[in-house]
Amino acid sequence: MTIFKNLPTPPHAQKKPVTDTHHGITRTDDYAWLRADNWQAMFKDPSLLDPAIRTHLEAENVYMEAAMADTKTLQEKLFEEMKGRIKQDDSSVPVNDGPYAYGTLFVTGGEQPHYFRTPRNGGEKHVLLNGDKEAEGKDYFRLGGLDQSSDHSRGIWSYDDKGSEFYTLRIRDLATGKDLDDVVENTGGGGAWAPDGKSFFYTLQDENHRPSKVFHHIVGQPQSSDRLVYEEKDPGFFMGVGASVLDDFIFIDIHDHETSEYRLLSTKDLLAEPQIVAEREEGIEYSMTEGGDVFFILTNDGDAKDFRIVEAPVGAPGKENWSEVVPHEAGRLILSVDAYARHLIWLERRDGLPRIVIRDRSKGEEHAIAFEEEAYSLGLHGAAEYDTDVIRFSYSSMTTPSQLFDYNMVTRERTLLKTQEVPSGHNPDDYVTRRVMAPSHDGALVPVSLLYRKDTPLDGSAPCLLYGYGAYGITIPASFSTNNLSLADRGFIYAVAHIRGGKDKGFEWYENGKMEHKQNTFKDFIAAADHLVKEGFTSYSGIIAEGGSAGGMLMGAVANMAPEKFAGIIAAVPFVDVLTTMLDDTLPLTPPEWPEWGNPLESEEEYRWIAAYSPYDNVGAKPYPPLLAISGLTDPRVTYWEPTKWVAKLREKTTGSAPILLKTNMAAGHGGKSGRFQRLEEIAFEYAFALKVAGKNQS
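For the structure given in this document, a descriptive report is provided here. Please read these numbers as outputs of a predicted model, since none were measured by experiment. (Residues numbered from 1 in each chain as written. Predicted model: local features only at pLDDT ≥ 70, side-chain atom pairs only at ≥ 80, totals over all residues. Heavy atoms only, no water.)

Some words on the nonpolar core
Right, on to step 1. Leu 466, Phe 525 and Trp 597 are the most contacted members of the largest nonpolar core, which totals 120 residues.
Right, on to step 2. No other element matches the 11 residues that helix H13 (residues 676–693) contributes to this core.
Right, on to step 3. For Leu 466, the residues in contact, after removing those within four places along its chain, are Ala 495, Ala 497, Phe 525, Ala 528, Ala 529, Leu 532, Ile 543, Ile 544, Ala 545 and Glu 546. (Core = buried A, V, L, I, M, F, W, Y, C linked by side-chain atoms within 4.5 Å. Buried < 20%, exposed > 50% of the residue type's maximum accessible area, 1.4 Å probe, protein only. Helix = DSSP H or I, 4+ residues; strand = E, 2+ residues; numbered from the N terminus. Contact = heavy atoms within 4.5 Å.)

In structure tokens:
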């Protein structure tokens, strides 16, 4: 392609064929050697990577740098624009909790958050944890948060300094700012305090990066003496631990993508065995929140596909005692529920748009918080305290910067606390946000959220960045992003396709984009592209597709299915070697992922489902568009070898001349670099690729 001139010869990965046979079907993988045999150890110590693999990854980075060399000035310009839209010394609105209010702030030039508290009614900020100081001298550093004890004397904070998501926990004396001697390693990244602040509960990650055990740590004791509270034997289940807002219970939450189980430990007897609430049943989900003498439970039990809310006595929360509070209503998906002394509130989505509903617990009266834009995002933040009439929520749209409100549930008064500042300036009236409906192959209407400048011509000439995800029931909100303005200001239409696999249109929208229905996800995305072209928003020669992780799988699938409909493709940490990964039950996420994709080890039918779309297995002899794949060396979710193998095979098979690029972050994991400005550099790089492909390299 003429936009990529004078490129050096791309790296050539050796072929070392490895075969496997399942259900009588034999496959050959020429690039299996790119997977490090010692991946578990390498995630904790990247220096252990096989030198041959490291040499290949570094060669790929050199080639990628050569291909993108002429965008250096553009990348710097994009970065400065994005940085200029961030209030560098920004601070959150503190949240009241007992005698204090807690929040986070950034300092000018700082990469990491600082955690602070003030007296409840205002006063001087006292910094409890300086993230920039803790990150000094580290190539990678991500904070897992700071959780204060109920007596406000101590805090648990955690960090990951390799990108492998094995978090180390430390305990800080909040009065002195000094850490105690306790060091708890290989955790999931958080802890749940016992009410007296003398002990806490945490999950331990095993060697395959699965949170399989809950431990009880006594402050001042070595980790080796921690008591095992619960061990989950099924490798297909994730596990988390948390504390109730009233400090009465420790919740152990056990779940995969479609099945839940809770175990409760009363804080009145921390040495007791956790008691099961409702035994796991395949396909039945539930989550719990405490409401004084009852638990409120959000569940799909009882054929409640879009979920309902039930309650049960605190002393007998078993399913036999569940009574309905908010019935199931088809097409109204209840996303979350919170309980306070006098109110029950929940976040729901109907017709793709969210709203917050509030019920007076004594009177049963309900009212809702909603907005009028075609597409918008609501965030329910709730409150840190149980005995309150005031909750917090946020609102934004693709044109409207985020606004944070306090809301009095009795008087219904909204108090605007903060509007996201854009220091370099932003006029919402310069932009348009719309939602259009794209008909898919089977008649389903796929919502597509759009952002563009008012002066953008809608005659098919505008380039378009079309983003998609479509997995795990995750909904991509139509929210404000200052970064997207850099594309819109250069004449791009920024589009989000709310494809099946998410819950954008209810639980059925998710069900029809997983397992045997997974191909709907890919067809929906292609349908979105088709609709944008048909309606004159853009052209096939102007669409750059983007997705990450499971959205990277989407990118790989549509590249195979319809390469001619995309001018370029950006695949971040892409899950593209789906069949191989789902056949390997030692990998961190494989058993928990079987309910999402299928279990090809046990079922020939499910093997064939996955084999039919797995991007790596379906690379063929066709002209692929310019493609950028991005990975992280220590990523435990989508391992670095998936995009590495995929790029090697794409280069081997493509009949076109468009470059296939691989960028590997050698000091990062699934989320990319950890600092707020480091992350902007990565986004600037991705957008520079999109602009280069669109012929706007100099703009």
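Concerning unusual backbone geometry
Right, on to step 1. The residue Glu 165 is not glycine, and still its phi comes out positive at about 65°.
Right, on to step 2. Within the secondary structure, Glu 165 is located in the loop between strand E8 (154–160) and strand E9 (167–173).

Structural notes on the environment of Lys 363
Right, on to step 1. The residue Lys 363 is located in the loop between strand E25 (353–360) and strand E26 (366–369) in this model.
Right, on to step 2. The class of Lys 363 is exposed, set by a relative accessible area of 60%.
Right, on to step 3. Linking Lys 363 and Arg 342, residues 21 residues apart in sequence, is a C-alpha distance of 9.6 Å.

Thoughts on the sheet that holds strand E4 (residues 100–105)
Right, on to step 1. With respect to topology, four strands assemble into an open sheet ordered E3-E4-E5-E6, the strand pairing being antiparallel. Lying at the two open borders of the sheet, with one neighbouring strand each, are strand E3 (95–97) and strand E6 (126–130). Within the sheet, the average angular offset between the axes of one strand and its neighbour, ignoring direction, is 30°. (Pairing = 2+ DSSP bridges. Axes fitted to C-alpha atoms, helices over the stretch in contact; angles between N-to-C directions.)

Some words on the sheet that holds strand E21 (residues 308–313)
Right, on to step 1. Judged by pairing direction, the sheet is antiparallel, and its four strands sit side by side in the order E19-E20-E21-E22 without closing on themselves. For this open sheet the edge positions go to strand E19 (286–290) and strand E22 (323–326), each flanked by a neighbour on one side alone. Across the sheet, the mean angle from the axis of one strand to that of its neighbour is 35°, orientation sign disregarded.
Right, on to step 2. Direction of pairing for E19 relative to strand E20 (residues 294–299): antiparallel, over a ladder of five bridges. The residue bridging Met 288 from the neighbouring strand is Ile 297, located in E20.

Focus: the side chain of Thr 581
Right, on to step 1. You can see Thr 581 is positioned in helix H9 (residues 578–582).
Right, on to step 2. Taking the relative accessible area as the measure of exposure, Thr 581 reaches 10% and is therefore buried.
Right, on to step 3. Within the local environment of Thr 581, its side chain forms a polar contact with the side chain of Glu 642, the two groups lying 2.6 Å apart. (Polar contact = N/O pair within 3.5 Å; in protein donor to acceptor, adjacent residues only side chain to side chain.)

So, the pairing of strand E15 (residues 238–243)
Right, on to step 1. Direction of pairing for E15 relative to strand E16 (residues 249–255): antiparallel, over a ladder of six bridges. Across the sheet, residue Gly 240 finds its bridge partner in E16, namely Asp 253.
Right, on to step 2. Connecting the antiparallel pair E15 and E16 is a turn made up of five residues, with Asp 247 showing a positive phi of about 65°.

Brief notes about the packing of helix H3 (residues 72–84) against H13
Right, on to step 1. Between H3 and H13, whose axes approach to 8 Å, the crossing angle comes to 130°. Relative to H13, the element H3 lies oblique. Note that H3 runs across H13; the crossing there is right-handed. Where H3 approaches H13, its residues Leu 74, Gln 75, Leu 78, Phe 79, Met 82 and Lys 83 are matched on the opposing element by Phe 677, Leu 680, Glu 681, Ile 683, Ala 684, Phe 685, Tyr 687, Ala 688 and Leu 691.
Right, on to step 2. Residue composition of the contact of H3 with H13, by class: 12 nonpolar, one polar and two charged. (Parallel < 35°, antiparallel > 145°, perpendicular 65-115°, else oblique. Left-handed = near helix turned anticlockwise from the far one by under 90°. Nonpolar A, V, L, I, M, F, W, Y, C, P; charged D, E, K, R; others polar.)

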